[in-house]
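Here is how the chains run, residue by residue.
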Amino acid sequence: MPQRIDGSGETIRFTFEGREIAARAGETLAAALIAAGETTTRASVVSGAPRGPYCMMGVCFECLVEIDGVPNRQACMIVAEPGMSVNRQKADEVAA
Amino acid sequence: MNGYDVVIVGAGPAGMACASEACSAGLSTLVLDEQPRPGGQIFRDIEVSDRKRRALLGKDYGEGARIAGAFRASGAEYVPGAVVWNIDSAKRIDYSAGGRSHSVEAKSLVVATGAIERPTPMPGWTLPGVTTVGAVQILFKTSGIVFEDVVLVGSGPLLWLAATQLIAAGSPPKAIVETVPKARYREAARHFGKALPAWRYLAKGFAMMRAVKKAGVPVHRDATDIAIEGETVAAAVTFAAGGRRQRIETAHVALHQGVVPNQQITRLLNCQHRFDESQRAFLPVVDESFETSVPGVFVAGDGAGIGGAKSAEMRGRLVAMRIAEKAGRPAGEAAKLRAEIAKDAAVRPLLEALYAPSADILSPADTTMVCRCEEITAGQIREAVALGAPGPNQVKSFLRAGMGPCQGRMCGLAVSEIIAAAKGETPSTTDYYRIRPPLKPLLLSELAGLGAEEPREAAE
């Protein structure tokens, strides 16, 4: 399991697939999800295979999620905000 | 539309240093960067990391605070969270920030978008839990996240640096699986004498390896045939080393085969590129001041060829000096800086020889997925070549390789290498994907707001 080496920063909360996730203020959604043990963020549009954050710097697009109903958002590029409702991107949502 | 003497894309060491130097020469300067805070990947979150985290990340990371401080004090305009999605030949830059698009014009454009990690296609590399080594570092820098079971796989200085940082944090990697063949050490040794002017890098390298040994981290050398096992998430990494097949259970595998220039913007602008055999990557063709074949377009930092953070900072300054000189402004002394850049680069031939990408990565098995977005295998690419596809753009049309959301960033170099090998030519001849706008997908609502801030012409 991932661990945090320090306790610095204010905690904010958002939901992922309905589960409450604690994030440090200022960190990205992808970092908060990985810290919470959630490594699967989307399904491949081709095979439906599970994918998760790979590069953490906006290059690979594997961390695409749906945020408050808007699909195709890069979880590694978006700072977690209190109350966000985040869901995995399903295979059929990509063309939306 | 707003216009600037200099628009810099990227706020890593090169972008920040270039902005500071340009401002001190009196040039109006705008910096656009995708991240919420300056630093690039190497100095990610340098402004907000506390003393403890900085100490664990090491002295070189701390250097970023000086560069970021100077940048903040420079007077450069800075838009964080800005995603550049098009640049045209008149150097008009379209970017999205705060949910809408904006346009600016640049007299000179500085591409300071640095490097990305080389694609590392291997069985299982798309499983959740598999990341780049860079991603492991980013999680550490931004969030203090470490994994007790991470296995670092591949080759390159970053592998050893990440291991050293994790050890310092009290969470050493479970193992290092290094792909450097034994024969490489002999080849690299030839460059040792010439690397001595940059002895600090060599000393740092040896210190990192000593720290790994002292911490008792198992290091499996000369590993080949690496595969990641798992049904829906990574469960283990397997490889051949020491004459037998080995298996390490882990949910976190971090891959690395060196970094390569991020070519998206220079390709979009049709800058000339060349394939560098030593770096095993495409580099934009630049002059001694890092100006590309397109007048007024410069590349500062690793985007012009991998040189590291220190070199990136110096190259950023050099580019700004050249722009100032061309604009008839007082410019700093470039000759001394050029000499320092050359001295700093003395270690590169050794590193490039020792840490050249492994044969397995350059020539993946037919069944290995190369284009992650569209799930195209190496075998399918070779088949398309056999059917007559002459290059990457035709393979793209045949198979959709490079047409997914990452737009070829993750597979481009691998696809060029596979085609080149299949045709018995050099990647230089094969060339690369054509890159078109938008550079990154954007919402229609972001596009719809473009130009809305300007007075509309009366409709008559």
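Nothing here was measured: the structure is a model prediction, and the numbers come from that model.

(A) Geometry of the overall build of chain A. Within chain A, the secondary structure is distributed over one helix and eight strands. Its helices and strands taken in sequence order, chain A reads β-β-β-α-β-β-β-β-β from the N to the C terminus. Considered along the principal axes of its C-alpha atoms, chain A spans approximately 40 × 25 × 20 Å. Expressed as a percentage of the 96 residues in chain A, the buried residues total 56%. Summarising the internal contacts of chain A: among those between residues at least 6 apart in sequence, 39% fall at separations of at least 24.

(B) Molecular detail of the interface of chain A and chain B. Each side of the interface is counted separately: chain A has 41 residues, and chain B has 48 residues. Together, the buried faces of chain A and chain B total about 3,600 Å²; carbon and sulfur atoms form 57% of this surface. Looking at the side of chain A facing chain B, the largest losses of area belong to Ile5(A), Tyr54(A) and Met57(A), adding up to 23% of the total buried there. Summed over the shared surface of chain A and chain B, the number is three salt bridges. Its salt-bridge partner being Asp6(A), residue Arg53(B) comes within 3.0 Å of it at the nearest N-O pair. Put simply, the parts of the chain that give the side of chain A that touches chain B at least two residues each are strand E1 (2-4), helix H1 (29-35), strand E5 (50-51) and strand E7 (70-74) of chain A.

(C) Structural view of the UniProt feature "domain: BFD-like [2Fe-2S]-binding" (unreviewed entry) in chain B. As recorded in UniProt, the sites labelled "domain: BFD-like [2Fe-2S]-binding" (unreviewed entry) are residues 369-420 of chain B. In this annotation, residues 369-420 of chain B is assigned 50% helix and 10% strand; the end-to-end C-alpha distance for the span is 18 Å.

(D) The layout of surface pockets, seen in detail. Quantified by volume, the second largest pocket comes out at close to 850 Å³. Taken together, 33 residues form the lining of the second largest pocket, with Asn72(A), Arg73(A), Pro441(B), Leu442(B) and Glu446(B) sitting closest to its centre. Ranked by residues supplied to the lining of the second largest pocket, first place goes to E7(A) with five residues. Residue composition of the lining of the second largest pocket, by class: 18 nonpolar, nine polar and six charged.

(E) Examining the environment of Glu10(A) more closely. All names here are of chain A. Residue placement: Glu10 occurs in the loop between E1 and strand E2 (11-16). Residues Glu10 and Gly26, 16 residues apart in the sequence, show an inter-C-alpha distance of 8.9 Å. Apart from the residues lying within four places of it in its own chain, the contact partners of Glu10 are Ala23, Arg24 and Ala25.

(F) Representation of the sheet that holds strand E10 (residues 151-155) of chain B. All names here are of chain B. Taken in spatial order, the five strands line up as E8-E16-E10-E11-E12 in an open sheet, and their pairing is parallel. Whereas interior strands pair on both sides, the edge strands pair on one side only; in this sheet they are strand E8 (130-132) and strand E12 (219-220). Relative to E12, strand E11 (residues 175-178) runs parallel, the two being bridged by two bridges. Bridge pairing in E12 links Val177 to His220. Here helix H5 (residues 157-168) sits on the sheet in contact with E10, E11, E12 and strand E16 (253-257), set at roughly 155° to E10.

(G) A look at the confidence of the model for chain B. All names here are of chain B. Here chain B averages 95 in pLDDT, and 98% of its residues register 70 or above. Predicted confidence is poor over residues 455-460, with pLDDT under 50, and the contacts of this stretch with residues over four places away or in other chains come to zero contacts. If you check the scores for this complex, the pTM reads 0.96 and the ipTM reads 0.96.

(H) Layout of the UniProt feature "domain: FAD/NAD(P)-binding" (unreviewed entry) in chain B. Listed under "domain: FAD/NAD(P)-binding" (unreviewed entry) in the UniProt record, and renumbered for this structure, are residues 4-313 of chain B. Along residues 4-313 of chain B the backbone is 30% helical and 30% strand, and the end-to-end C-alpha distance reaches 22 Å.

(I) Main features of helix H1 (residues 13-24) of chain B. All names here are of chain B. The end-to-end C-alpha distance of H1, which contains 12 residues, comes to 17 Å, matching closely the 16 Å that a straight helix rising 1.5 Å per residue would cover. Taken across its 12 residues, H1 has 11 buried, putting it largely inside the fold. Buried residues of H1: Pro13, Ala14, Gly15, Met16, Ala17, Cys18, Ala19, Ser20, Glu21, Ala22 and Cys23, and no others. Turning to H1, the residues buried within the fold contact strand E1 (2-9), strand E2 (29-32), helix H3 (59-73), strand E6 (100-111) and helix H10 (309-326). Immediately beyond the C-terminal end of H1, within one or two residues, lies Gly26, with a positive phi of roughly 85°.

(J) Focus on the environment of Pro295(B). On the secondary structure map, Pro295(B) appears in the loop between strand E19 (281-284) and strand E20 (297-299). For Pro295(B) and Lys310(B), which are 15 residues apart along the polypeptide, the C-alpha to C-alpha distance reads 26 Å.

(K) Region of the structure containing the packing of aromatic side chains. A full pass over the atoms with the stated rule returns five aromatic pairs over all chains. The interplanar angle of 75° and the centroid separation of 5.2 Å between the aromatic rings of Phe71(B) and Tyr78(B) together place this pair among those described as edge-to-face. Judged by relative accessible area, which is 2%, Phe71(B) ranks as buried. Connected via pairs of aromatic rings, a cluster forms that spans Phe275(B), Phe282(B), Tyr432(B) and Tyr433(B). The ring of Tyr54(A) carries Arg372(B) above its face, with NZ or CZ at 4.1 Å from the centroid. Looking at Arg372(B), its charged tip hangs above the ring of Trp125(B), at a distance of 4.7 Å from the centre.

Procedures and definitions
- Residues numbered from 1 in each chain as written.
- Chains lettered and ligands numbered in written order.
- Predicted model: local features only at pLDDT ≥ 70, side-chain atom pairs only at ≥ 80, totals over all residues.
- Heavy atoms only, no water.
- Helix = DSSP H or I, 4+ residues; strand = E, 2+ residues; numbered from the N terminus.
- Buried < 20%, exposed > 50% of the residue type's maximum accessible area, 1.4 Å probe, protein only.
- Contact = heavy atoms within 4.5 Å.
- Buried area = accessible area lost by both parts, 1.4 Å probe.
- Salt bridge = Lys/Arg side-chain N within 4 Å of Asp/Glu carboxyl O.
- UniProt positions renumbered as here; feature names shortened; annotations may be inferred.
- 1 Å grid on protein atoms, 1.4 Å probe; cavity = no way out; pocket = protein on both sides within 12 Å on 5 of 7 lines; lining within 4 Å.
- Points joined across faces, edges and corners; volume = space filled by probe spheres on them.
- Nonpolar A, V, L, I, M, F, W, Y, C, P; charged D, E, K, R; others polar.
- Pairing = 2+ DSSP bridges.
- Axes fitted to C-alpha atoms, helices over the stretch in contact; angles between N-to-C directions.
- pLDDT = per-residue confidence, 0-100.
- Expected span 1.5 Å × (residues − 1).
- Phe/Tyr/Trp six-rings, centres within 6.5 Å; stacked < 30°, edge-to-face > 60°.
- Lys NZ or Arg CZ within 6 Å of the ring centre and 35° of its normal.

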